[in-house]
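Structural characterization, general
One letter stands for each residue in the lines below.
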Amino acid sequence: MRIEPTTLAGVVVIIPSRHSDDRGYFCELFCEDFFRSQVADVRFVQDNQSLCSRPATVRGLHYQRSPVQQGKLVTVPRGAIFDVAVDLRTNSSTFGDWFGMVLSAENGFQIWISEGFAHGFMSLEPDTITNYKVTAPYSASHEGGIAWDDPDIGIRWPIAGPVIVSPKDASQPRLKEMHADAPVHHQEVAPCV
Ligand SMILES: Cc1cn([C@H]2C[C@H](O)[C@@H](COP(=O)(O)OP(=O)(O)O[C@H]3O[C@H](C)C(=O)[C@H](O)[C@H]3O)O2)c(=O)[nH]c1=O
């Protein structure tokens, strides 16, 4: 298992080692000692799973407010997603910037997104399953969201055209509506392929 930094501090790609043989492969998906020593010294309290039946389904951009902010470890056991993190830390030099990459059953990549980020993804294949471990329990009263297509963030989603999105996510506010006084800047962040 190895890790790769990204353009955003607090967002890390994790690449598990696959031990292949003529039966298929074996890999360790999560190892607490490795994670807490090499990635982030956190504990996970909840495992989530979502199914996107159709491609071009967008879930997000979501976050939870303090005191139940969530760090997320995202894995895709079936299908593929374009996974995105947006920096919401107003004291960060990368505030408003995004990082995106493809996570798939084929590449086996995982992404760790620490607290302070909004998270979302677009399914790229039918019947895509996304699993993610979170560091705080779900709290609807602490949930917040940002428009997945916020032009100030400028996420380059890989599938153009109409998307499938929940009524909630179709009406999320733009980032500048939340932090009108904060400079919103975004840099061209090449998605990690
Ligand atoms: C997140 C969550 C939701 N729910 C219930 C609430 C709703 O009745 C139903 C669907 O929730 P929602 O439409 O918010 O599901 P997603 O759009 O997949 O939300 C997720 O999408 C993005 C990608 C995320 O990173 C978040 O973890 C999460 O917000 O599940 C629960 O019971 N527990 C939970 O932890």
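Since the structure is predicted, the reported quantities are computational estimates derived from the model, not experimental observations.

1. Brief notes about the sheet that holds strand E2 (residues 11-15)
Strands in a sheet are paired, the pairing made by backbone hydrogen bonds, and the direction either parallel or antiparallel. With antiparallel pairing, the 6 strands of this open sheet are ordered in space as E1-E2-E10-E7-E12-E5. Taken across any chain shown, the strands that pair with only one partner, and hence form the sheet edges, are strand E1 (2-5) and strand E5 (46-52). Within this sheet the neighbouring strands show an average axis-to-axis angle of 25 degrees, counted without direction. Note: E2 against strand E10 (residues 110-113), 4 bridges, orientation antiparallel. Bridging from a neighbouring strand, valine 13 pairs with isoleucine 111 of E10.

2. Structural notes on the pattern of salt bridges
One pass over the structure, following the stated rule, counts 9 salt bridges. In this structure, the salt-bridge partner of arginine 89 is aspartate 87, at a minimum N-O distance of 2.8 Å. Classification of aspartate 87 as buried rests on a relative accessible area of 0%. Notably, a salt bridge pairs arginine 174 with aspartate 152, separated by 2.8 Å at the nearest N-O pair. Placement of the pair is arginine 174 in the loop between strand E13 (143-145) and helix H2 (175-178) and aspartate 152 in the loop between E13 and H2, with a sequence separation of 22 residues. Bridged by salt links that share partners, the residues Asp150, Asp152 and Arg174 form one connected network.

3. Concerning the UniProt feature "active site" (unreviewed entry) in the protein chain
Cross-referencing UniProt, the feature "active site" (unreviewed entry) maps to His62 and Tyr132 in the present numbering. Taking the farthest pair of C-alpha atoms as the criterion, the annotated set spanning 71 residues converges on one region, since that pair is 13.5 Å apart. Those residues within four positions of histidine 62 in sequence are excluded, and the remaining contacts are Lys72, Phe117, Ala118, His119, Glu143, Gly144, Gly145, Lys168, Asp169 and Gln172. Of note, tyrosine 132 is situated in strand E12 (residues 128-134). With residues up to four places along the chain from it excluded, the contact list for tyrosine 132 reads Gln46, Asp47, Asn48, Ser50, Lys72, Leu73 and Val74.

4. Thoughts on the environment of histidine 142
Along the chain, the position of histidine 142 falls in the loop between E12 and E13. Of the residues examined, histidine 142 reaches a relative accessible area of 24% and is grouped as partly exposed. Apart from the residues within four sequence positions on either side, histidine 142 is in contact with Tyr63, Gln64, Arg65, Ser66, Pro67 and Val68. At 3.3 Å, the side chain of histidine 142 forms a polar contact with the side chain of serine 141.

5. Comments concerning the nonpolar core
If you look at the biggest cluster of nonpolar residues, it comprises 19 residues, and the most contacted ones within it are Val11, Met101, Leu103 and Ile111. Broken down by secondary-structure element, the contributors of at least two residues to this core are E2, strand E7 (72-78), strand E8 (80-87), strand E9 (98-104), E10, strand E11 (117-123) and E12. Ignoring any residue separated from it by four or fewer positions in sequence, one finds valine 11 in contact with Pro5, Thr6, Ala85, Phe99, Ile111, Trp112, Ile113 and Phe117.

Basis of the calculations
- Residues numbered from 1 in each chain as written.
- Predicted model: local features only at pLDDT ≥ 70, side-chain atom pairs only at ≥ 80, totals over all residues.
- Heavy atoms only, no water.
- Pairing = 2+ DSSP bridges.
- Helix = DSSP H or I, 4+ residues; strand = E, 2+ residues; numbered from the N terminus.
- Axes fitted to C-alpha atoms, helices over the stretch in contact; angles between N-to-C directions.
- Salt bridge = Lys/Arg side-chain N within 4 Å of Asp/Glu carboxyl O.
- Buried < 20%, exposed > 50% of the residue type's maximum accessible area, 1.4 Å probe, protein only.
- UniProt positions renumbered as here; feature names shortened; annotations may be inferred.
- Contact = heavy atoms within 4.5 Å.
- Polar contact = N/O pair within 3.5 Å; in protein donor to acceptor, adjacent residues only side chain to side chain.
- Core = buried A, V, L, I, M, F, W, Y, C linked by side-chain atoms within 4.5 Å.

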